[in-house]
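Observations on the three-dimensional arrangement
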Amino acid sequence: MSLKEILLWVLLISGGCFALLYVTLWWLRKRNGHAIRRGRIHSVREGRKGKAVLQRQMQSAMHRLYTIGMRFPVTSGYITSVRKRLSGLHAYDEYKLRLETMKMTLFIWGAFACSGVVLLMMKPGIEFAILALLCGVVINSLILDMAISRMEKRLLAQMIELFANVRHHYHQHGMMEEAISEAADLAGAEAGRHARLIHEALTDADPHEALERYYESAPNRFLKAFAGISYMVMEFGDRIEEGGSIYLKGLGSLAREIQLELLRRNKLDYLLKSLNVIALAPVFFTMPIERWARSSFPSMDEFYQGKWGFITKLSVYIVIIVSYFLLQKLQQTDETGYRAGKGRRVWEQKLYRLPIIRNVVDALIPRQHMPSYFQLTRLLKESGAEVKLEWLYIRRITLFIAGLVFSISTVFILHQAEKTHILHAPVQSGQMFGRLGPAEKKEAFKQSEIDRKMMHALNLRADSTYEQTYAALKQVSGGRYTPEQLSENTRRILQKLEAWNEEYIKWWEVLISLVAGYVAYQMPMLLLYLQRKMRRLDMRHEVYQFQTVISILRAMERMSVEEILEWLNRFSVIFKRPLQKCLLHYEHGPEAALDLLKEEAPLPEFQRLVDKLHLSLGKITIREAFDDLDSHMSYYFEQRKQEYEKIIDSKAIWGRLIGFAPMYGLIFLYLVIPLIGMSFVQMDNYYEQIQKIQ
């Protein structure tokens, strides 16, 4: 069975399963409609009941499909990966999580089957398999990211309403637990579920342990802050200051943060809308453009079937992939992508145990007394990459080898493809426009076969002389060609022999492969620099959250610096390691522990906060040290608003450039520039023919 038949059967089976599911759901709906008509149910209430019955039947069918899919290793792995992406938004709701997982899985498989059918209709074969794999990866990531972003925005919008209801009921009862419980009943489905989880944790026998469990599954930092603030007020009690209740002030600051986040996401989605689809669309147009160009301009066969055609097509695909992943990075709205204690690479640790690899890595790593060693360790610390320096160099070496092997392999494959093209490509007739007729095509392939036989007869040697080739061709032709035709065919065969022997790996191609390997070698470092830059914004988010916590704790009586550090450690994500280290050293000396905290977290805003804690050790009280906290919080909030606007504007500009880059690359690299080059070549040929006539 050929590759085309295998791929066709796979697509037909997947499409058939998707169609069978659709027909089953349609039949259930139709049967339910007949039952409603037979029972003469005309009231709105009964109609809603019938719709609810249909919805339950569809959900039951989804759950059965989930159970069936988890039984097979091929489907269970993918379903599990989709489930992990959705698990943060459906905490502790197994029924809803399975339903949403199966909906998303079926939708992705249906979209992949449709795109696969389109690609199969264009051109089956190895190229189809590569394009289908590319489309599958892109469609999977695109649909999941869009769905998760939509659910996250819906949750944030519901949280604003939840906080408003909590504020209202807190004014009524003055009891925080009752306010959260009543607000959960009025909130939306997602926010209400999290509010009930927070209420259960606060009323648990051990609320601290229950909240720690909730923090691990909370989908965003706002819910963690809401749960922590509520727990602090429940433990220490609420206080009334100049601006009112400190609990309500904390809720107000959280609501402002959520509104700013929602505005940022909505504006970013509006400016970057549909750019992912535009970047992916050229995948489906490479073959139609190639077919049109080859049918309208016969001379374009030489380009599309040759080495430069492969290079251009590969370049277009690389531009599509790079553009898509850059757009994914631009559209990322994860408020804190970093998590302490995660991101370790086990395979690097295993490789480092091998003596040969350990010796190579130890030879490449800078010595501990060198400035580059301190720069690398500081970069790892500031970027939050939880890898050792040895593991980083193993990753760099692996990428260098992979980049070098891939480049050399690509060069070798291109040379072999060009040799095959020289031997088997039909002889061009010199016709620039239109389409070759059947007789002309047959004659072109026949002439190519004669050339190939002559080249093999000459042992594919580049030093074959004109006289040898002319005599051999005259003997093979049997007097069918005129002297002018023999001379022209001889020159063409000699040009083919010269071109065939020129197809070997050259020194500058090896140099390019080494450069590609070096770029791959430097990629982990570039990612660390980018991660450090992006992490600074997350660090500022967390500092603002610390300020909200301190604004509540400073009003409590008998509050100490150590207790504040413990509360900050509970809320922290990025600064968790430095805070834990500070708490471990606190008993041996508070001043030294705080100095160590400043060294471990080199962010100016956080260091100023630590300086205030340092002053609170005995010189002044905590309330006096943070007396200007409200003005600082207002300043940081406005500063972050301006930063968001600048980031969104720059992302919009880069997004438009990157999103349309694949389309521009397809049109110009794959069509316009080859046509212009072909036109110049044809003009030179016509000029030579005119010179011969004269």
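Residues numbered from 1 in each chain as written. Predicted model: local features only at pLDDT ≥ 70, side-chain atom pairs only at ≥ 80, totals over all residues. Heavy atoms only, no water.

Here the focus is the overall build of the protein chain. In terms of regular secondary structure, the protein chain is built from 28 helices and two strands. With 694 residues in all, the protein chain has 44% of them scored as buried. Put simply, 75% of the contacts in the protein chain that link residues at least 6 apart link residues at least 24 apart. Carbon and sulfur atoms make up 62% of the accessible area of the protein chain, which amounts to about 38,200 Å² in all. (Helix = DSSP H or I, 4+ residues; strand = E, 2+ residues; numbered from the N terminus. Buried < 20%, exposed > 50% of the residue type's maximum accessible area, 1.4 Å probe, protein only. Contact = heavy atoms within 4.5 Å. Areas by Shrake-Rupley, 256 points an atom, 1.4 Å probe, with all protein chains shown as cover.)

Along the chain, M539 turns up in helix α22 (residues 507-553). Along the primary structure M539 and F606 are separated by 67 residues, whereas in three dimensions their C-alpha atoms are 8.4 Å apart. Discounting chain neighbours no more than four positions away, the residues touching M539 are I574, F575 and L603.

This part takes up the side chain of N165. Position of N165 among the secondary structure elements: in helix α5 (residues 126-173). The class for N165 is buried, based on a relative accessible area of 16%. Among residues more than four places away in sequence, those in contact with N165 are A183 and L186.

The next thing to look at is the confidence of the model for the protein chain. Overall, the prediction assigns the protein chain a mean pLDDT of 80, with 86% of residues at 70 or greater. Within the protein chain, helix α6 (residues 176-186) carries the highest mean pLDDT (90), whereas helix α1 (residues 3-38) carries the lowest (52). Confidence drops under pLDDT 50 across residues 34-47; counting only partners more than four residues distant or on other chains, this segment forms four contacts. Of the regions scoring below 50 in pLDDT, residues 335-344 engages in 28 contacts with residues more than four places distant in sequence or in other chains. (pLDDT = per-residue confidence, 0-100.)

Another point: the packing of aromatic side chains. Overall, the coordinates contain 18 aromatic pairs when judged by the stated rule. Look at F163 and F226: their rings are 4.9 Å apart centre to centre, the planes differ by 45°, and that puts the pair in the tilted class. With F163 in helix α5 and F226 in helix α9 (residues 221-236), the pair connects residues that are 63 residues apart, well separated along the chain. Summarising the aromatic geometry, the rings of Y544 and F637 are spaced 6.5 Å apart at their centres and angled 40° between planes, so their arrangement reads as tilted. Of the two residues, Y544 is situated in helix α22 and F637 in helix α28 (residues 629-693); the sequence distance between them amounts to 93 residues. We classify F637 as buried; its relative accessible area is 7%. (Phe/Tyr/Trp six-rings, centres within 6.5 Å; stacked < 30°, edge-to-face > 60°.)

Within the secondary structure layout, T548 lies in helix α22. For T548, a relative accessible area of 4% corresponds to the buried category. For T548, the contacting residues outside a window of four places in its chain are I229, G250, S253 and M633.

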